[in-house]
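Here is what each chain is made of, one letter per residue.
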Amino acid sequence: MSVTPVTPELQQVVARLDTIIHELEGLRRQLTAPAAQAAPLTTGLVDRLYGAAGTGSRAESDPYLDWSRFAE
């Protein structure tokens, strides 16, 4: 039975591969975890932020009036 000599470079590659495998296993656990952990986005970002600075509805907004002050 012959023993293949292991060089330090090969040891570093094997150690790095072990680290990558460990990181990939952790990523797989995160991706396959139950969906209950992540809160689903039921509305878009604009809908969630609208009204954050005050109250009102989208119907009250006049885009031409709102942006006309920047046209001057």
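Preceding this section is the structure that the text describes.
Predicted, not measured: the structure shown is a model, and the values here were computed from it.

**Student:** Explain the overall build of the protein to me, using residue names and the numbers behind them.
**Tutor:** When helices and strands are counted, the protein shows 3 helices and 0 strands. The helix and strand sequence of the protein, counted from the amino end, reads α-α-α. Taking all 72 residues of the protein together, 1% fall into the buried category. Taken as a whole, the protein presents about 7200 Å² of accessible surface, with 61% of it coming from carbon and sulfur.

**Student:** Any details on a nonpolar patch on the surface? Residues and values, ideally.
**Tutor:** On the surface, a nonpolar cluster with roughly 880 Å² of combined accessible area is contributed by Val6, Leu10, Val13, Val14, Leu17, Ile20, Ile21, Leu24, Leu27 and Leu31. Summarising the element assignment, leucine 17 is placed in helix α1 (residues 8-31). Classification of leucine 17 by relative accessible area gives partly exposed; the value is 46%.

Cut-off values and rules
- Residues numbered from 1 in each chain as written.
- Predicted model: local features only at pLDDT ≥ 70, side-chain atom pairs only at ≥ 80, totals over all residues.
- Heavy atoms only, no water.
- Helix = DSSP H or I, 4+ residues; strand = E, 2+ residues; numbered from the N terminus.
- Buried < 20%, exposed > 50% of the residue type's maximum accessible area, 1.4 Å probe, protein only.
- Areas by Shrake-Rupley, 256 points an atom, 1.4 Å probe, with all protein chains shown as cover.
- Patch = residues over 30% accessible without salt bridge, like charges linked within 9 Å, V, L, I, M, F, W, Y side chains within 5 Å.
- Salt bridge = Lys/Arg side-chain N within 4 Å of Asp/Glu carboxyl O.

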